[in-house]
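Structural overview
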Amino acid sequence: MIQIGQKTIQIWLVRHGQTEGNKLQILQGQDDGQLSALGIKQAEALGKRIKKENFDVVYVSDLARTKQTFELIQKHHTKQMMPNFEPLLREKHAGQSLAMPKKLAAEQGVDIREFKPDQGESWIDVNNRAQQMLQLIIQRCSDLKQNNITVLLVTHGGFIMEFMNQINYMINKKQPVYNNCALNCSITIVKYILPKGEVKIVTQNDASHIQKL
């Protein structure tokens, strides 16, 4: 949760369900993707897990796999939510190459975070988008009357990694790392308080609701 004089914003980041591409270990980037049978079950389980949470603001990546995940969350939610489809939440653009970026970066002698494939993005670019998204959330929430605000982001593993890199830098100046580990339909919660600028990680990569699937 974030507080602006004093507002507390609780930001929930959830990753989409497993896709056919995830199942085949295919790099999807900003291709739409479709949920697999397991991914649908994961999104249903996530929806049931958070069905009673009161989300004041909802942002969803505008790619098909996140939209589909949100629809399954909404199916179980006790309230009708109004999503904002936001390109800033997209996965890292993989560019034109079908090769894995780690391999290409190593061949070119470039750090994985700095490597930018042809017509694609670097992880630094995604980190910049994460910073922009955080500022968008702050601006949006500062216009709301209530002091306790909960925001839902339905997004992608790479974006979650860079958002948390930004949060960890704000907390302890920890430099960004390449650790793309967010599980499908996992929950990460960050509390952000304004005007103090206090940031706290409440939970990270919680996938307990899908463990038995």
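Residues numbered from 1 in each chain as written. Predicted model: local features only at pLDDT ≥ 70, side-chain atom pairs only at ≥ 80, totals over all residues. Heavy atoms only, no water.

In the annotation of an unreviewed UniProt entry, the entry for the chain reads Phosphoglycerate mutase, and the organism field reads Paramecium primaurelia.

**Some details on the UniProt feature "binding site: substrate" (unreviewed entry) in the chain**
According to UniProt, the "binding site: substrate" (unreviewed entry) feature falls on Arg-15, His-16, Gly-17, Gln-18, Thr-19, Glu-20, Gly-21, Asn-22, Arg-65 and Lys-102. Annotated residues spanning 88 residues; largest pairwise C-alpha distance 23.9 Å, indicating distribution over more than one region. When you line up the elements, His-16 lands in the loop between strand S1 (7–15) and helix H1 (20–23). Ignoring any residue separated from it by four or fewer positions in sequence, one finds His-16 in contact with Asn-22, Arg-65, Thr-66, Thr-69, Thr-155, His-156, Asn-184 and Cys-185. For His-16, the side chain forms a polar contact with the side chain of Arg-65, separated by 3.3 Å. Tracing the chain through its elements places Arg-65 in helix H3 (residues 64–76). The buried category is assigned to Arg-65, whose relative accessible area is 1%. (UniProt positions renumbered as here; feature names shortened; annotations may be inferred. Helix = DSSP H or I, 4+ residues; strand = E, 2+ residues; numbered from the N terminus. Contact = heavy atoms within 4.5 Å. Polar contact = N/O pair within 3.5 Å; in protein donor to acceptor, adjacent residues only side chain to side chain. Buried < 20%, exposed > 50% of the residue type's maximum accessible area, 1.4 Å probe, protein only.)

**Concerning the nonpolar core**
Of all hydrophobic cores here, the largest spans 33 residues; its most connected members are Ile-137, Val-151, Leu-153 and Phe-163. Of all the elements in the fold, those that place two or more residues in this core are S1, strand S2 (57–60), helix H4 (101–108), helix H5 (123–142), strand S4 (148–155), helix H6 (157–172) and strand S5 (187–194). Among the elements that line this core, the one with the most residues is H5, at eight residues. With 21 residues, the next largest nonpolar core counts Phe-70, Leu-72, Cys-185 and Ile-187 among its residues. (Core = buried A, V, L, I, M, F, W, Y, C linked by side-chain atoms within 4.5 Å.)

**Looking at the sheet that holds strand S6 (residues 198–206)**
Read from one edge to the other, the open sheet built from six strands follows the order S3-S2-S4-S1-S5-S6, with strand pairing classed as mixed. The open sheet terminates on both sides in strands that have one partner only, identified here as strand S3 (83–85) and S6. For this sheet the average axis-to-axis angle between neighbouring strands, irrespective of direction, equals 20°. Across eight bridges, the pairing between S1 and S5 is antiparallel. (Pairing = 2+ DSSP bridges. Axes fitted to C-alpha atoms, helices over the stretch in contact; angles between N-to-C directions.)

**Considerations on the UniProt feature "active site" (unreviewed entry) in the chain**
Mapped onto the present numbering, the UniProt feature "active site" (unreviewed entry) falls on His-16 and Glu-91. The annotated residues occupy 76 residues of the chain but converge on a single region, no pair of C-alpha atoms lying more than 10.8 Å apart. For His-16, a relative accessible area of 2% gives the class buried. Along the chain, Glu-91 turns up in the loop between S3 and H4.

**Let's talk about the pattern of salt bridges**
For the structure shown, the criterion picks out seven salt bridges. For Arg-113, the salt bridge identified is with Glu-162, shortest N-O distance 2.4 Å. A residue pair is termed long-range when its members are at least 10 positions apart, and Arg-113 in the loop between H4 and H5 and Glu-162 in helix H6 qualify at 49 residues. Of the charged contacts, one joins Lys-116 and Asp-125 as a salt bridge, the two residues approaching to 3.3 Å between their closest N and O atoms. (Salt bridge = Lys/Arg side-chain N within 4 Å of Asp/Glu carboxyl O.)

**Notes on the pairing of S4**
For S4, a buried count of seven out of eight residues is recorded, marking the element as mostly surrounded by other parts of the structure. Taken together, the eight bridges between S1 and S4 define a ladder with parallel strand orientation. Among the inter-strand pairings, Thr-8 is bridged to a residue of S4, identified as Asn-148. Pairing analysis gives four bridges linking S2 to S4, with the strands arranged parallel. Bridging across to S4, Val-58 finds its partner in Leu-152.

**Here we look at the packing of helix H2 (residues 37–49) against H3**
For the pair H2 and H3, the least separation of the axes is 7 Å and the interaxial angle reads 40°. Taken together, the axes of H2 and H3 lie oblique to each other. Crossing of H2 over H3 shows right-handed handedness. Here H2 contributes Ile-40, Ala-43, Glu-44, Leu-46, Gly-47 and Lys-48 to the contact with H3, which in turn contributes Gln-68, Thr-69, Leu-72, Ile-73, Lys-75 and His-76. A per-class count over the contact of H2 with H3 returns five nonpolar, four polar and three charged. (Parallel < 35°, antiparallel > 145°, perpendicular 65-115°, else oblique. Left-handed = near helix turned anticlockwise from the far one by under 90°. Nonpolar A, V, L, I, M, F, W, Y, C, P; charged D, E, K, R; others polar.)

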